[in-house]
Structure formats: structure tokens, C-alpha cells
Amino acid sequence: MHFYVAFLGGELANGRIGEDHEIVFVVAEDDLSARKAAKKKWGGGGKPHVDTLTKVDRIDGYALTLTATDAGDLTEVTGYN
């Protein structure tokens, strides 16, 4: 299993020009499975698409390891205003 970061794009509400975006995190065996899992996490309206998908194994010299738990997602956002 691998950790992925996906940048999703999708339709805006009616009458708006452009598209909406959001970043989601998923764990999957391969790129195709990660794309499917990411689209399921889309919080916007309409049909999403994956603009970018990045498999992350290391960050700043630290290796990422994954441990399965029974808990769902927990993402802490700080410093946003």
C-alpha cells in the first residue's frame, strides 16, 4: 500500500466560470486504485477529475510507513484564514 496526494478538479455551481479544486489523501495499491479512491472523496458538486496524483514514500529524508487502523480520516488544518 502507498500514500498518495491527489489534486482534484470539478465543476462549479451553475452560473460560475472555471472549476473548483481540492486536495485529498488516499492509501492505495497502485495509481489507478488511488485515482478511483480520490474521486470518491470529492466534496464538490458534479463529476470530479484528477489533475495530479503523487505517490509519497519519503518527505524531507523521512520514510513514510503505513499502519492499518479502524479509524477513518483525520486531517488537521492549521494556519488558514
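Residues numbered from 1 in each chain as written. Predicted model: local features only at pLDDT ≥ 70, side-chain atom pairs only at ≥ 80, totals over all residues. Heavy atoms only, no water.

**Q** Describe in detail the nonpolar core, supporting the description with residues and values.
**A** Counting 10 residues, the largest nonpolar core is built from Tyr4, Ala6, Leu8, Val24, Val26, Ala28, Ala34, Ala38, Trp42 and Val50. For this core, the secondary structure elements donating two or more residues are strand 1 (2-11), strand 2 (19-28) and helix 1 (31-40). (Core = buried A, V, L, I, M, F, W, Y, C linked by side-chain atoms within 4.5 Å. Buried < 20%, exposed > 50% of the residue type's maximum accessible area, 1.4 Å probe, protein only. Helix = DSSP H or I, 4+ residues; strand = E, 2+ residues; numbered from the N terminus.)

**Q** Residue-level account of the environment of lysine 36, with values.
**A** By secondary structure assignment, the location of lysine 36 is in helix 1. Put simply, lysine 36 and histidine 49 are 13 residues apart on the chain and 9.6 Å apart in space, counted from C-alpha to C-alpha.

**Q** Tell me about a nonpolar patch on the surface, residues and numbers included.
**A** A cluster of nonpolar side chains, namely Met1, Val27 and Leu66, defines an oily patch on the protein surface of about 290 Å² accessible area. Position of valine 27 among the secondary structure elements: in strand 2. The exposure class assigned to valine 27 is partly exposed, which follows from its relative accessible area of 42%. (Patch = residues over 30% accessible without salt bridge, like charges linked within 9 Å, V, L, I, M, F, W, Y side chains within 5 Å. Areas by Shrake-Rupley, 256 points an atom, 1.4 Å probe, with all protein chains shown as cover. Salt bridge = Lys/Arg side-chain N within 4 Å of Asp/Glu carboxyl O.)

**Q** Requested: an account of the pairing of strand 1, with residues and values cited.
**A** Inspection of the sheet shows strand 1 paired to strand 2 by 10 bridges, in the antiparallel sense. If you follow glycine 9 over to strand 2, its bridge partner there is histidine 21. One ladder, built from eight bridges, connects strand 1 with strand 3 (residues 48-56); its direction is antiparallel. Considered in strand 3, the bridge of tyrosine 4 is made with lysine 55. (Pairing = 2+ DSSP bridges.)

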